[in-house]
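Residues per chain are reported as follows:
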There are 2 protein chains.
Amino acid sequence: MHLDHAQLQQMEQRYRATFINSLAGYRQAVLIGTSSAEGQENLAIFNSLMHIGANPPLWAFICRPDTVQRDTLRNILETNVYTFNYVRGDDHAKAHQTAAKYPTGRSEFDAVAFTPEYKAGWPAPFVAGAVVQVGMRFEERIDITRNGTIMIIGSIQHIHISDTLVGSDGFVHLHEADVLACSGLDAYYQPQFIDRLSYAKPDKAPTSLR
Amino acid sequence: MHLDHAQLQQMEQRYRATFINSLAGYRQAVLIGTSSAEGQENLAIFNSLMHIGANPPLWAFICRPDTVQRDTLRNILETNVYTFNYVRGDDHAKAHQTAAKYPTGRSEFDAVAFTPEYKAGWPAPFVAGAVVQVGMRFEERIDITRNGTIMIIGSIQHIHISDTLVGSDGFVHLHEADVLACSGLDAYYQPQFIDRLSYAKPDKAPTSLR
């Protein structure tokens, strides 16, 4: 099947959104925890986490201001702090349900039965029991003017993870904790480990790091 | 285990890079095909594909100018065109090997035995036999000044995919073709499908779309 740009533009809007978003492939499912300046908690699933760099440790995500994600955006811009949380495959339905448009004043933590967890020195709520909990500080907003989306860049301030998941070279074995992955806006996956490979060098086949 | 920002800054550099990059979770493995203005072909693996929007169809990726990835960047800025290609899990070692620093004038297509494929009307090389082949046109470069990385935004111009992978609502069943996923710089995965869930609505449990 071959589709060109003109055919994509002619697609029915919802079909195109599902097609282009799911075609973009596998990604990490991440629950972003925030609270407003008044203390109203919010939790929302995102599929756009991006590694920007390790030194300093910077991660970004993409926000569409025309959806429920705007609560997350507003809270981050108000408070400068937020959390990234990865949950297990078993929790995929609860994670998905955080995308519902709950009325103002209703916390998604409460609505979907995740428990907010506060840790010393960090004012944004984590998801209690999440495999990975990362405290993020807002650093920079980049407006992508072509379609009105917003990239939020933050620095990693706190990481909470079981040390059993971190290998001797720093590699994080997320698959050993059944961490949830996703694609598009509604599909959930459990990645199976194939292999880790040695640093690639010309004309030398990579070897397994297992 | 709890790590704060100061502890991250004190980590040995390679350990930190492996830790922070792999902690960022699962992502799509994508081979970017380009050629220089003089016709020298290049193929390189990236793990930073990001969906920006469906209308117009825009995808981005992140480029670190201090690595072999700069050949890809230079070619895109010279020619304005490139391709995204997804391969199967079986090809993970060949895909990984495209990251090796081959000498100038040596094509990674040739070095790792992927075959370049040219299609009518598109001057950048695809990976022959790839499950997904997407022809991209360069649209915008965003410099992330905090760490010198560069985000390249492009528009989707051509999509080549088997119609058997595209569902009636547009969802792309990548797992049915064993499409390769990755994490960090060297780990490869085969995602297993858990479920697709209906559009999330308040106080109504999502149902399976299978």
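Everything that follows concerns the structure shown earlier in this document.
Residues numbered from 1 in each chain as written. Chains lettered and ligands numbered in written order. Predicted model: local features only at pLDDT ≥ 70, side-chain atom pairs only at ≥ 80, totals over all residues. Heavy atoms only, no water.

### A look at the overall build of chain A
If you tally the helices and strands in chain A, you get 5 helices and 13 strands. Relative to a compact globule of 210 residues, whose C-alpha radius of gyration would be 17 Å, chain A shows 18 Å and is just as compact. Projected onto its principal axes, the C-alpha coordinates of chain A cover approximately 60 × 50 × 35 Å. Within chain A, buried positions represent 61% of all 210 residues. Across chain A, every contact between residues at least 6 apart in sequence was considered, and the portion connecting residues at least 24 apart equals 56%. Accessible area of chain A: about 8200 Å², with a carbon and sulfur share of 48%. (Helix = DSSP H or I, 4+ residues; strand = E, 2+ residues; numbered from the N terminus. Rg over C-alpha atoms; globule rule 2.2 N^0.38 Å. Buried < 20%, exposed > 50% of the residue type's maximum accessible area, 1.4 Å probe, protein only. Contact = heavy atoms within 4.5 Å. Areas by Shrake-Rupley, 256 points an atom, 1.4 Å probe, with all protein chains shown as cover.)

### With respect to the pairing of strand β9 (residues 122–127) of chain A
All names here are of chain A. By the criterion of burial, β9 is predominantly enclosed, with 5 of the 6 residues buried. Sheet analysis places strand β8 (residues 116–119) next to β9, joined by 3 bridges and oriented antiparallel. Across the sheet, the residue bridging to E117 is F126, located in β9. Hairpin connection of β8 to β9: 2 residues between the antiparallel strands, including G121 at a positive phi of 85 degrees. (Pairing = 2+ DSSP bridges.)

### Let's talk about the pairing of strand β4 (residues 41–46) of chain B
Residue and element names in this part refer to chain B. With 6 of its 6 residues buried, β4 lies for the most part within the structure. Where strand β3 (residues 30–35) and β4 come together, 6 bridges link them in antiparallel fashion. Each residue of the ladder has a partner; that of L31, found in β4, is I45. Between β3 and β4, which pair antiparallel one after the other, the connecting turn spans 5 residues, and G39 there sits at a positive phi close to 95 degrees.

### Topic: the state of the cysteines
As enumerated under the stated definition, the model contains 0 disulfides over all chains in all. Of all cysteine sulfurs in the structure, the one in A:C182 sits closest to A:C63, which takes part in no disulfide; the separation is 15 Å. (Disulfide = S-S within 2.5 Å.)

### Examining empty space enclosed by the protein
Going through the model one piece at a time under the given rule, you end up with 4 cavities of 30 Å³ or more. Taken as a whole, the largest cavity holds about 60 Å³ of empty space. Surrounding the largest cavity, A:Y26, A:R27, A:N47, A:S48, A:L49, A:M50, B:R27, B:N47, B:S48, B:L49 and B:M50 form its lining. Its residues placed into classes, the lining of the largest cavity shows 5 nonpolar, 4 polar and 2 charged. (1 Å grid on protein atoms, 1.4 Å probe; cavity = no way out; pocket = protein on both sides within 12 Å on 5 of 7 lines; lining within 4 Å. Points joined across faces, edges and corners; volume = space filled by probe spheres on them. Nonpolar A, V, L, I, M, F, W, Y, C, P; charged D, E, K, R; others polar.)

### Some words on the nonpolar core
Residues A:W59, A:F84, A:I159, B:W59, B:F84 and B:I159 are the most contacted members of the largest nonpolar core, which totals 84 residues. When neighbours within four sequence positions are excluded, A:F84 is seen to be in contact with A:V30, A:L31, A:I32, A:L49, A:W59, A:F61, A:V132, A:Q133, A:V134 and A:M136. Membership of the second largest hydrophobic core comes to 19 residues, among which are A:L31, A:I45, A:A100 and A:V127. (Core = buried A, V, L, I, M, F, W, Y, C linked by side-chain atoms within 4.5 Å.)

### Side note on the interface of chain B and chain A
In this complex, chain B contributes 98 residues to the contact, which on the side of chain A involves 98 residues. Interface area lost by chain B to chain A is led by B:L23, B:Y26 and B:R146, which between them contribute 9%. At the boundary of chain B and chain A, one finds 8 salt bridges. As a salt-bridge pair, B:D203 and A:R106 come within 3.2 Å of each other at their nearest N and O atoms. (Buried area = accessible area lost by both parts, 1.4 Å probe. Salt bridge = Lys/Arg side-chain N within 4 Å of Asp/Glu carboxyl O.)

### Regarding the packing of aromatic side chains
We describe a pair of aromatic rings using the distance from one ring centre to the other and the angle between the two ring planes. All names here are of chain A. Inspection of the entire model under this criterion finds 16 aromatic pairs over all chains. Pairwise contacts between aromatic rings join F46, W59, F61, Y82 and F84 into one cluster. Stacked on the ring of F126, the Lys or Arg K119 has its end atom at 5.7 Å from the ring centre. (Phe/Tyr/Trp six-rings, centres within 6.5 Å; stacked < 30°, edge-to-face > 60°. Lys NZ or Arg CZ within 6 Å of the ring centre and 35° of its normal.)

### Some remarks on unusual backbone geometry
Residue and element names in this part refer to chain A. The residue after N55, namely P56, is reached through a cis peptide bond having omega 0 degrees. By the element assignment, P56 lies in the loop between β5 (50–54) and β6 (57–63). With a phi angle near 70 degrees, A113 is a residue other than glycine that sits in the positive phi range. Counting through the fold element by element, A113 comes out in the loop between α5 (108–112) and β8. With a phi angle near 55 degrees, D178 is a residue other than glycine that sits in the positive phi range. Turning to its location among the elements, D178 is positioned in the loop between β11 (149–161) and β12 (181–183).

### A few points about the pattern of salt bridges
Between side chains of opposite charge, a pair can form when the charged atoms approach closely. Under the defined criterion, the tally for this structure stands at 21 salt bridges over all chains. Across the pair A:R106 and A:D110 runs a salt bridge, and its minimum N-O distance is 3.5 Å. A relative accessible area of 54% means that A:D110 is categorised as exposed. The salt bridge partner of B:R137 is B:E139, with a shortest N-O separation of 3.0 Å.

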